[in-house]
Amino acid sequence: MPETNLPAVPAAAVEPLVLDGEVVDEAAATATGVAAARLDDPGRSRTVPAALRHAGYVAAGAVVAWRRWRHRRTRHERTLRALEAQGNHEAMLAWQQHAELERKQRHERRRALVELIPVIIKGGLAVLACSAVAPGLLGLALAFDHHDLLDVVTPYAWAAHAIALVAEVVSVALTVATFAAPLAVVAGLWQLGRTGGSMAPSWTAVSADSDADISIDERAVTQALAVLGLKLIADYLKDGLPMPYIVPPRQEGRGTYAEVRLPKGVTAEEVARRRAKLASGLYRLPTEVWPSTGADASHLKLWVADKGALAEGAGPYPLAEGGFTDVFRGLPFGRTLRGDPVRFPAIGRNSICGGAPEQGKSNSARIVAAGYALDIITELRIFVPDTNFDFEPFKRRCSRYVMGAEDEHMERILRELEELKDEIQRRGQLLIDHEQQEVTRELAHAGVGLHPVFWLLEEAHVAIQHHRHGKEISGLLCDVVRLDRKRAVHVMVSTQAPTKDSMPRDVTRNCTVGIAHAVGDHVANDALLGQGAYRAGHRATELIPGVDRGTALCKGFSGERSEMVQVHRLNVRSDDDQVTPLVNRALAEMARKGRELPGSGLPMIEQRDLLADLAEVTRDDGEPVRLADLPARLRKLAPSWGEYRQLTGKELAARLDAEDVRWTNTGNVPRLDPADLRSALARREVS
């Protein structure tokens, strides 16, 4: 570790000093070229005069520029040596062919430049000839028009003045450039020396530069890999072999991208599991470093975000001001850290969205719902087993909308799931009739009953854990998500608590799209992103609640195992309602094209009257009937009515009390007299 040249001070003269700092591993600090002690005492952080230090940055910049030039020039040679040491002859041959191709292309470029010289000379002579002849022709025209022979030379005088002006401008520009160019070079070298990262001399690291970034180059990545604690990588680098880079670090979007061939026996998955440690070696947050597996197990693909990339956000919703969607092409959702747009895969998928409260879970579901709403052939069915305003602006766009935590709302959700299960079977038969395996865009637009359906269950854990209907809701959800994907039905479940009790495993397994905002543990993480995601390094637990609000780790959006996405935002507050204009736009477009609200022509779910049904099943009874016998009669009358499926005599007695219907308990056997039931019905009709 570099020593700090401080003058000796007598122990008695030293006053007690409280330092604010942290203890870091000395070996790791030395490997990265940064002093191990980072103290916030300004009197000790700079031992070199400022002028000398900044002059040193210029010299360091020259060193960095030379090292980078040499690094690029020797890249193929170093990679071939590393591949030879690994015994990877197939990759060696590919790199040799690549190097030969580069040399050939370089030779072709040089030959093209040589061949261009005669063309430039000929073109210059032609321009000079035209410049000499054209003013003469113009002068003859002026002399003929003005009847003055001296006008023949007038254009030449104009040309002389123009040439003199251009020469003066060029002279001034050259004078400025003579002074500015060296200053620009010095400034560039200064900046390069100050932020040169791992290629800069270690003495340029100053503890006061707490927010200074490092350059993500081959050396920085190699050093970060070296401190991961993987013995095979450490032994490989200890032998002095360079790490082979399939794709050298390059700027890509809002960060740096590279591809590395790892030593034999090391997999990219092992590196991904140590993402937090890798991020530490690159001076990044874990959420800013994304290693993944490439073409084979030892092919590491690495993307490192620029510092602070998360702070930029996703920007406004792309269709806030106008436009419509096509669910078969995906829906606007957000941006990756690279800055690339992310589209939500709508058709042929189910999705699950979750996260801690106030981290953007409901907003993500709103973004998806807004995309579906802007496709005018799509039907929306939204169910919120809670009392909140999150999806109220979508109500006019929905064919079915339920909001509330009361038992009757839970019953309605259960009935809707039963109907959806039946509809999926009906859609399957329609596909058979049309000889298709899945719903296509043409079938969806044909008006045969195969239009896309978005079925959202917000706060799903509330419905699934309901004391009366939760078990049936859970079972029906499992049935639906197993069968709906090819039939243009997309089920989305959104929850704060994706645990084994609050979310059936068959639901999470069949949701191929996962959206994970900040979560508290690996159980919730794997429920949203798939079994083993946490162990493989795909961790929404690393998102910081509050700080990373609106950012989610997503699976199923692309070919990547997971990717960090910043989600667009749509507000529903009364003073900033961004959803209602989208709904109005969709409804206006339907009216313009003469279309009904999708799903509005479907028969609504039947409603049953308990007292009327009891009157029906006791119509032939002249004597009081045991309450324990009545639930079976009700189930026989309405076998598909979920409320009757688990009804007991005791529960029926409670329901009769609520309806103010008299029943007796003679001999400790509860009974209902049909005459009392008819009286209750008569009183209700009168009131």
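Parameters at a glance
Residues numbered from 1 in each chain as written. Predicted model: local features only at pLDDT ≥ 70, side-chain atom pairs only at ≥ 80, totals over all residues. Heavy atoms only, no water. Buried < 20%, exposed > 50% of the residue type's maximum accessible area, 1.4 Å probe, protein only. Helix = DSSP H or I, 4+ residues; strand = E, 2+ residues; numbered from the N terminus. Arc of directions from axis to C-beta. Contact = heavy atoms within 4.5 Å. pLDDT = per-residue confidence, 0-100. Axes fitted to C-alpha atoms, helices over the stretch in contact; angles between N-to-C directions. Parallel < 35°, antiparallel > 145°, perpendicular 65-115°, else oblique. Nonpolar A, V, L, I, M, F, W, Y, C, P; charged D, E, K, R; others polar. Disulfide = S-S within 2.5 Å. Left-handed = near helix turned anticlockwise from the far one by under 90°. Pairing = 2+ DSSP bridges.

### A few points about helix 22 (residues 649-658)
Owing to its 3.6 residues per turn, the α-helix brings residues three or four apart onto one side.
Then comes step 1: The set of residues buried in helix 22 consists of G649, L652, A653 and L656. Buried residues in helix 22, looked at end-on, bunch into an arc of 105 degrees, giving them a common side. Seen from the open side of helix 22, the exposed residues pointing more than 90 degrees away from its buried face are K650 and A658.
Then comes step 2: Along its buried surface, helix 22 packs onto helix 19 (610-617), helix 20 (630-637) and strand 19 (669-672).
Then comes step 3: Downstream of helix 22 by a residue or two, D660 has a phi angle that is positive, lying close to 60 degrees.

### Digging into the confidence of the model for the protein chain
Then comes step 1: Mean pLDDT over the protein chain: 82, with 85% of residues reaching 70 or higher.
Then comes step 2: Counting interchain partners and residues more than four positions distant, the pLDDT-below-50 stretch residues 206-210 has 10 contacts.

### What about the packing of helix 19 against helix 20?
Then comes step 1: In contact at an axis separation of 10 Å, helix 19 and helix 20 are set at 100 degrees when each is read in the N-to-C sense. Viewed along their axes, helix 19 and helix 20 adopt a mutual orientation that is roughly perpendicular. Contacts between helix 19 and helix 20 pair L610, D613, L614, E616 and V617 from the former with L630, R633, L634 and L637 from the latter.
Then comes step 2: Residue classes in the contact of helix 19 with helix 20 are distributed as six nonpolar, no polar and three charged.

### Focus: the state of the cysteines
Then comes step 1: Within the structure shown, the criterion is met by zero disulfides.
Then comes step 2: With no disulfide of its own, C353 lies closest to C554 among cysteine sulfurs, the gap being 8.2 Å.
Then comes step 3: Here C478 stays free of any disulfide, with the sulfur of C511 as its closest cysteine sulfur at 9.7 Å.
Then comes step 4: According to the relative accessible area criterion, C478 is buried, its value standing at 8%.

### What about the environment of G136?
Then comes step 1: Checked against the element boundaries, G136 lands in helix 5 (residues 89-146).
Then comes step 2: On the basis of relative accessibility, which here comes to 14%, the residue G136 falls in the buried class.
Then comes step 3: It is 7.2 Å that separates the C-alpha atoms of G136 and P155, two residues lying 19 residues apart in sequence.

### Considerations on the packing of helix 19 against helix 23 (residues 674-686)
Then comes step 1: One way to put it is that helix 19 packs onto helix 23 with a least axis distance of 10 Å and a crossing angle of 145 degrees. When you trace helix 19 past helix 23, the crossing you get is left-handed. For the pair helix 19 and helix 23, contact is made by L611, A612, L614 and A615 and by L677, L681 and R684, respectively.
Then comes step 2: Along the lines of polarity and charge, the residues of the contact of helix 19 with helix 23 split into six nonpolar, no polar and one charged.

### Re the sheet that holds strand 5 (residues 331-336)
Then comes step 1: The 10 strands are arranged 6-5-14-13-12-7-11-10-8-9 in an open sheet whose pairing can be described as mixed. With partners counted over all chains shown, the strands left at the sheet margins are strand 6 (341-344) and strand 9 (398-403), one partner each. Strand after strand, the sheet turns through a mean of 25 degrees between neighbouring axes, direction not considered.
Then comes step 2: Its contacts with the sheet put helix 12 (residues 407-433) on strand 8 (379-384), strand 9, strand 10 (453-457) and strand 11 (489-495), and the angle it makes with strand 9 is roughly 150 degrees.
Then comes step 3: Across the face of the sheet, helix 17 (residues 522-529) comes into contact with strand 7 (351-354), strand 12 (513-516) and strand 13 (551-555) while running at roughly 145 degrees to strand 12.

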